[in-house]
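# Breakdown of the fold
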Amino acid sequence: MTTLQPTGPAPDLHPLPPAGQPPAVALPQASSRLNARWRSLRLRHVLVYTTPVVGLLLYLVGASVNDYLRYRQFDDFWSVTAEVDQFFVARARGLLNGIRSLPLDHQLNPEAPDAGIVRLAVRPAVWDSIHGDPMQNWGKWFTGALARENSLLKVEMRKRGDNSVHWLTAKHSFTIKTEQRALFKNHQTLGLSVKDVLSAFIANRMASEVGILAPSTYVAPVFLNQRFYGVFRLNETVDENFLRANLRLPGNLFRGDAAERGDAYRNQNRNLFENAYIWERAAKSQRSNASATASLVALLTGSNATSLEEHLHLMSLMDRQKVARMIAYLLVMGDPYHMDGVHNQFWYEDPWSMILEPIPWDVRLLDLGRPPRPVNPFLKEFLRDPFAVDEVMQNVRSLVEEDHILERSEKLTRDVYDRYRPYFEYDRLRAGLIPDVGSPEAVVPLLEGNVRLLKEWMGDARMGFHAEPAPGGALVLDFEARGRVGAELLSLELVGVHQGGARLYADRNLNGVLDSGDSLLPTTGQPSPSGGRLTLRIPEALYAGWDTHQFGLHPGRQQYRFFLLTSGATSIRPELRNRVTGHPVEPEAWAAGTVVAPATGWNPWRFPIRKAVVHRLSGRVRLSENLEIPPGDTLLIAPGTTIRMDPDVSLLVRGRMVARGTARDSITFEQAVPGRPWGTVALQGHGADSSHVEYARFLGGGGIILHEVEYTGSVSLHYVSHVLFDHVEVARNVRSDDAFHAYHATFAMRHCLFHDTNADAMDLDYANGEISNCRIIHAGNDGFDLMTSNPRIFNNYIEGDDDKGVSVGEGSNPFIFNNYITKCLRGIEVKDGSEPVILNNYLVGNIVGIRQRQKNVRYAHGGWGKVINTVVENNRQDFVSDDNSRLTVLGLKPGQRPDSAISASTAKPEELAWLYRHYGVQPTGGGLGLLPGWASVEPIPVLDSASFEDDFGEYADGWVGSGGVERVIKRNRNLVISIGQGLGVATRRVDWDLTGDQGRHTVVFEIAARDLESAAITLVSDSGRITRPLQPAEDLSQYRFEAIDLPPAHYREIQITGTTKPGFSHVERNTGLVDFRNSRIDLHSYRLFRVPGEAVVAGGVEAPPRAASTP
Amino acid sequence: MTGPSVFPLSLRRALRERERQLIAVYLAGIGLLCLALAVGPVRERVLYRAKLLTAYWDDRWTRRLEQGEKLVAQKRYAEAANYLAALDREFPARDVRHARDKERTRLLMALGQCYTELKKRKLATETYQRLVAFDPKNWENNYAYAQAASKLRPNWAMPKDARDQYLAVLKINPNHLPSVGGYITYLGEKGDFTELNAAFESYLDALLLQRVTIKVSNIGADFVLPVDGRFHDVEVPLPQLGTWSGELSLSTHGYSIEIQRVALGAPQVVGRPGSTRREVWSGGTPWQVDSLTPRSATLYQSHIKSPGGTLHLPLESRPEPISTVYLHLRLIKPVDFQTWDALGAPMVKRSFQNRLNYGGLDSVKARIIVPDSTE
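Residues numbered from 1 in each chain as written. Chains lettered and ligands numbered in written order. Predicted model: local features only at pLDDT ≥ 70, side-chain atom pairs only at ≥ 80, totals over all residues.

### Regarding the overall build of chain B
Test applied: Each helix is a run of H or I in the DSSP string that is no shorter than four residues. Each strand is a run of E no shorter than two, and both are numbered from the N terminus. By the convention adopted here, residues are in contact when the distance between their C-beta atoms, placed from the backbone, does not exceed 7 Å.
When its secondary structure is counted, chain B shows 14 helices and eleven strands. Principal axes of the C-alpha set define a box for chain B whose edges measure 105 × 75 × 30 Å. Long-range pairs, those at least 24 residues apart, make up 59% of the contacts in chain B with a sequence separation of at least 6.

### So, the overall build of chain A
Using the following cut-off: Counts of 20 or more other C-beta atoms within 10 Å of a residue's own C-beta define buried residues, counts of 12 or fewer define exposed ones, and intermediate counts define partly exposed ones; C-beta atoms are placed from the backbone.
Within chain A, the regular secondary structure consists of 18 helices and 69 strands. A principal-axis box enclosing the C-alpha atoms of chain A has dimensions of 150 × 100 × 60 Å. With 1111 residues in all, chain A has 47% of them scored as buried. Residue pairs at least 24 apart in sequence account for 65% of intrachain contacts in chain A once pairs closer than 6 positions are excluded.

### Observations concerning the interface of chain A and chain B
We apply this condition: Note on residue classes: Ala, Val, Leu, Ile, Met, Phe, Trp, Tyr, Cys and Pro are nonpolar, Asp, Glu, Lys and Arg are charged, and everything else, Gly too, is polar.
On the chain B side, the residues contacting the 59 residues of chain A number 55 residues. Of all the secondary-structure elements, those providing two or more residues to the side of chain A that touches chain B are α2 (43-71), α4 (84-100), α9 (294-303), β12 (463-469) and β13 (474-481) of chain A. The greatest single-element share of the side of chain A that touches chain B, amounting to ten residues, is contributed by α2(A). By residue class, the composition of the side of chain A that touches chain B is 30 nonpolar, 17 polar and twelve charged.

### Here we look at helix α13 (residues 386-400) of chain A
Residues and elements named next belong to chain A. Short version of the rule: Between the first and last residue of a helix there are one fewer steps than residues, each counted as 1.5 Å, and that sum is the expected span.
Helix length check: α13, at 15 residues, gives a terminal C-alpha distance of 21 Å against a target of 21 Å (1.5 Å per residue), a fit within 8%. Along α13, the positions that sit buried rather than exposed are P386, A388, V389, V392, M393, N395, V396, L399 and V400. Considering only its buried residues, α13 is in contact with α11 (320-333), α12 (377-382), α14 (404-419), α16 (440-459), β19 (546-547) and β21 (558-565). Within two residues after α13, E402 carries a phi angle of roughly 55°, on the positive side.

### Considering the sheet that holds strand β16 (residues 519-521) of chain A
All names here are of chain A. The condition is simple: Strand pairing requires that DSSP identify at least two bridges connecting the strands.
The six strands are arranged β16-β15-β21-β13-β12-β24 in an open sheet whose pairing can be described as mixed. The outermost strands of the open sheet, each flanked by one partner alone, are β16 and β24 (588-589). Pairing analysis gives two bridges linking β12 to β24, with the strands arranged parallel. Within β24, the residue paired with G464 across the bridge is E588.

### Side note on the sheet that holds strand β2 (residues 142-148) of chain A
Adjacent strands of a sheet pair through backbone hydrogen bonds, lying either parallel or antiparallel. All names here are of chain A. Selection criterion: Orientation is described by axes fitted as lines to C-alpha atoms, over the contacting stretch for helices, and by angles from 0 to 180 degrees between their N-to-C directions.
In space, the seven strands of this closed barrel follow the order β1-β2-β3-β4-β5-β7-β6, with mixed pairing throughout. This sheet shows a mean twist of 40° between the axes of neighbouring strands, independent of strand direction. In the sheet, β2 pairs with strand β3 (residues 151-159) via seven bridges, with the strands oriented antiparallel. Within β3, the position partnered with L146 by the bridge is L153. Docked against the sheet, helix α15 (residues 421-429) engages β6 (217-224) and β7 (227-236), running at close to 105° with respect to β7.

### Quick word on the environment of A:L553
Looking at where A:L553 falls in the secondary structure, it is placed in the loop between β19 and β20 (554-555). Apart from the residues lying within four places of it in its own chain, the contact partners of A:L553 are A:V375, A:W546 and A:T548.

### Examining the packing of helix α7 (residues 121-134) of chain B against helix α8 (residues 139-151) of chain B
All names here are of chain B. What counts, and what does not: Every angle not falling under 35 degrees, over 145, or within 65 to 115 is termed oblique; those three ranges are roughly parallel, roughly antiparallel and roughly perpendicular. Helix crossings get a hand from a simple test, with the near helix turned counterclockwise from the far one by less than a right angle marking a left-handed crossing and a clockwise turn marking a right-handed one.
Contact geometry for α7 and α8: axes closest at 9 Å, N-to-C directions at 165°. In this view, α7 runs roughly antiparallel relative to α8, as classed from their interaxial angle. The way α7 lies across α8 gives a crossing that is left-handed. Contacts between α7 and α8 involve A124, Y128, L131 and V132 from the former and N141, N142, A144, Y145 and A148 from the latter. Looking at the contact of α7 with α8 residue by residue, the class counts come to seven nonpolar, two polar and no charged.

### Thoughts on the pairing of strand β10 (residues 345-349) of chain A
All names here are of chain A. Along β10, five of the five residues are buried, which leaves the element largely enclosed by surrounding structure. Covered by surrounding structure in β10 are Q345, W347 and E349 together with F346 and Y348, the residues of both alternating faces. As defined by bridge partners, strand β8 (residues 252-256) adjoins β10 across five bridges and the pair is classed as antiparallel. Looking at β10, one finds that G256 is bridged to Q345. As defined by bridge partners, β10 adjoins strand β11 (residues 356-358) across three bridges and the pair is classed as antiparallel. Along β11, the bridge assignment pairs W347 with P358. Connecting the antiparallel pair β10 and β11 is a turn made up of six residues, with M354 showing a positive phi of about 60°.

### Observations concerning the environment of A:A442
Following the sequence through the fold, A:A442 ends up in helix α16. Between the alpha carbons of A:A442 and A:L198 there is a distance of 9.3 Å; along the sequence they are 244 residues apart.

### Regarding the confidence of the model for chain B
We count it as follows: Confidence of the predictor at the level of single residues is given by pLDDT, which spans 0 to 100.
Chain-level pLDDT for chain B is 90 on average; 97% of the residues reach the 70-or-more range. Model confidence for the complex is summarised by a pTM of 0.89, with the ipTM given as 0.90.

### So, the packing of helix α5 (residues 77-90) of chain B against helix α6 (residues 101-117) of chain B
All names here are of chain B. One way to put it is that α5 packs onto α6 with a least axis distance of 9 Å and a crossing angle of 145°. The chirality of how α5 crosses α6 is left-handed. Across from Y77, A80, A81, L84, A85, L87 and D88 in α5, the residues of α6 making contact are L107, A110, L111, C114, Y115 and E117. In terms of residue class, the contact of α5 with α6 is built from eleven nonpolar, no polar and two charged.

### Focus: helix α11 (residues 193-205) of chain B
Residue and element names in this part refer to chain B. Rule in force here: This arc is taken over the directions from the axis of the helix to the C-beta atoms.
For α11, built from 13 residues, the straight-helix expectation of 18 Å at 1.5 Å per residue is met to within 8% by its first-to-last C-alpha distance of 18 Å. Among the residues making up α11, those that are buried are L196, N197, A199, F200, Y203 and L204. Buried residues in α11, looked at end-on, bunch into an arc of 160°, giving them a common side. Looking at the packing, one finds that the buried side of α11 touches α10 (177-190), α13 (348-354) and α14 (358-365).

### What about the pairing of strand β39 (residues 753-757) of chain A?
Residues and elements named next belong to chain A. Taken together, the three bridges between strand β37 (residues 713-731) and β39 define a ladder with parallel strand orientation. Bridge assignment links A731 to a residue of β39, and that residue is H755. Bridge analysis of β39 against strand β42 (residues 775-779) gives four bridges, and the strand direction is parallel. Bridging across to β42, F754 finds its partner in I776.

### So, unusual backbone geometry
You will see that A:N225, though not glycine, has its phi angle at about 50°, which is positive. On the secondary structure map, A:N225 appears in the loop between β6 and β7.

### Looking at the environment of B:N218
Note on placement: B:N218 falls in the loop between β1 (209-216) and β2 (219-226). It is 72 Å that separates the C-alpha atoms of B:N218 and B:A24, two residues lying 194 residues apart in sequence.

### Quick look at the confidence of the model for chain A
Looking at chain A as a whole, its pLDDT mean stands at 87, while 92% of the residues score no less than 70. Here residues 1098-1111 of chain A is modelled with pLDDT under 50, and outside its nearest four sequence neighbours on either side it reaches 28 contacts, counting other chains as well.

What follows is the structure in structure tokens.
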């Protein structure tokens, strides 16, 4: 049984004053009220009222401890340095900022028309299972989708990142990968990183901006299932796709990332530059010369060189200029450190030169003045080379002079921040709970500081100097380079002596005494007020040496000794000039008798110097072993020379080759042992630029592997420019892939004959130039095999090739003009994003005339031929194309089949004036098929142009839709204008002032349209409008060139208009079902030319519009 | 309507009587807590205590693992196996990225050892397979598996999974001599002499860069040299100028060494012609050595079982300083007698002989110190 207690306020326990007396003290009213409240306060009320505060405190402490426990699951730097307090503060700040972020939340729109926004869709349960536990499901791919305007692109996703920063917060780093045939903005694999978004974007993006081979990187807001997930830095994965996109053939791609948790090699030496077995290959060379790790072992051995010979071997593995450029870029970013001895190492081995090229990875933006550690062993050894140091500082000068790099990086920073400002600000409010995304205020001052410091470095050409008479009459002149950059010794001011007879020697053999091993420097003498001046005809470079043994990069020491033979000089004053800035350098005194400290780099005078040699071959020559011509040398082969080459013997020319036979006395390369092929005649490297081969025959070569480089052609050009072959015959090669192979080369091949080749007659990879008036007969495979090459192929006769007459593949854009192609398996094949112009050719009697297709899935597109005035007839099939390919022809009628359209696409020469003149052709006559005559003229340039790539840039490159236009977007190399209902107009501002310009102006649109009642292109100028109607077709695989001549005027706008067919429907050809799809116009490109000739009379121009130019 | 209270009447009465005080204490407590968490240094101290507590609680896994390892050390394998198996089921590290990944490796190693000792072949194999799968880039896991597989072989021949594990070790650590020996033993048992010779030559050719320390009158410098049995020219600039007093010492950190020449370079002096490079040793008197066995005046062997060792060369006193040391030397990979010429299965030496490849035998002998039976 319980007893009910009174629940009213507690009785007042203060004693009352006696009756009739006033209270002793009158309490203030407020105080009494407070007192009354206090009296009335009950414990349970207090408990209830303070619950939110207590709950909040408990939440903050509990969540912070929990955060700490999550961090404890890892043991990297961020985890082991974590404190509960930092999580407490972050959570408290997050709570406060949550309120401030509410207004921003409304601005984060997943549907915003911005090409940079990444919209991901993942089943929530899958996402939670992957990302809920930071320790689970590593390496496991899961399926998601990338949302595009009205479609989904299937992707696979997985966690990524090499440290706990990427995984422990509410925003995780991950990788997305599309299917091979459906790339996302030209990438198959992209890493999405949460770390240092803005600063890392700038630091890494600037690599490609300054011309260094580096992966692409972007900033993008990411929405996950329609909710904002965060701003990320997207970076391209370094793999074979990356190599191809950067014009490199697949080769070994060595990856050193031993610090990555979970990928670390335990219980081993984790120094990448001492252990070859913790490197992996991100891509593998598929060439037959592919050696797994030979170059890598050489790189590691050379990085720990103990002698000059080993150092020189290291330098021979790479292009010093490229590496120096990369170091200069790293210095501007303040971070030559993060690509260190345990991670972030990527090296590409070019299979066609075996040269290694470093690829910057995960570069940070740091304060160059506060180095966090020494540079890696490779950089240490590289920077022992005085020429390399000099090259680095020359590159620094080119980067920082006039603040170009600073302006560019600052603009990039502000542009990207302004573009995604609400997203950045939202993420910045969450800083602490997620990694900070950064701000321009943090990025720009760092860059400015680094550039300022590097300018100081450029001016630091300190030089110690002392002159001392030595026994024997010579004066010893000692110099010590003490700065960041070297100096040039220009002259010596000889006080108190006439300059006549003075001689200056450099102590080249570094033995400290004047002897026969030293070299006399060419000088001239002039009188001067104080005596005489001895001027060096060639300024002597006194290179600087850097000290790399401490944290950071510091000025080192490099000493030089000269001997001056003169008499009577009382004092000597050298005139020096800074090698980088060109400013005069005042030498510092160097006390006599000072012991010279060891130099911090290799002395440049120890490096071997080679004099150029001219090698001559004439008469009958038998090569029984390889003949190699070094860079700088010249090989002269006399007319009439016959070079008989033993089996597998090659001629490798790194210098210039001049082999000019005559029509009567040609030069012949042939087999010394009949039936057994010689190797190759190869021009390798830019030392062989401007080589000239005329009236020569190359018979029976076979290709070879030489110094681990595979030469697939019996005649091979690797990295060489401006080579001329005229009246050359290449035939009967065996074993090798190609009779002639060019890789990263420019050349002209005229009046040549290729016949009976083993496989391809001419194989061009990343090569350009001219192939004209040649005959290719009975190639064992393709007549021409092009990969990412844009040569001009004209006036050739191609017959009987076992495969394609011309194979245009992997992003090639050649000009194929006036060729006769017959009896081949395929006349011309266009593949993989290639867009050749095929003009005035004759393709007859082939199995297939023209074939278009997608072959290599890495290129995401099929072929896209521009076939004009070309006869394709009497082939078993004239034209074959797959669904991924496109075709542009002239004169195509709606509904016309492409194969009939090709031959029917006749255009008069005057209609094609822009095209002929753009390619430097002046036809005499015209029409279909081969031209009866033409002359070569100066090509006309393109005044303005636009083409469209689906990228992270602008949504529609300035095009705006109105009226019935539902969207204007870049997709599949087009500007896609979708019109939903009625009249739609897409417009773009231009600024073409053609009023004062002489000649005829033509703007050419490459365009297709479907499901439209009518369509037109209108050019709006100050003087009126010019409208060209378009003829829509049924599908979008057929494009046309629409050339519009423009009268002189100032043009302001392009309008493309279309009116939909009534009913918005389309009967699908195959199924007969009604397909509710939008009407569409696809614009592939436009180009503006000025064609020589009479300007168009402005008769057809309508009156200027009165209202706005767009309806 | 108020229900019956769970608190006894006396407590409620006491609460009511002291309610003011309780409220005051409670509010003061809340206030103090807020103050403590608002004032940075105080909050840091409080939360640091929380961190220590949390860390201690989280370290229970380590304490349990150590307990299991203690049982293994005491050879109480059955008990240890049960204990470790239970721990294995609960152990938090399931991925090599986990901070306790090394402890999980220890756990699986210890568990595998228990099963091996208990002759539970299937369980041992499963455990080692999990160990290898857990961290496939730790060659020690593969080696432990290979050793266990050899030990638990079902018949006289070495099982293929042992061979596979030795090969896995050699793929990521081709300089691991015991695995070279294990693989060579397998090939010798199989009589595959071609592959055996190639395996040994691969071992000699595998890149191994070793840091060597040189000291001249207490001025030290490091350089890195390939351990390949071939001579190299080495030029070492000293970080500071050395003097001719005292000695020149070389530490190879565990590798045998052969030296043919040593020269010391003196720096130039400003304004004075000349510089000197003085040869101080070219094979005359033997070097003084620590923990190395002289095989000749130029050749010094490091012992596999007690690697280390330093060579010392006394320097005659001279006035000029020393700036550079020039050496002509080679480092030599270790080879044990078991691998070279063990009794039983034909090993390296007899494999070359069996193939009548005496040229190859001479070639590899030139790159090693041929071990004797005491090695």
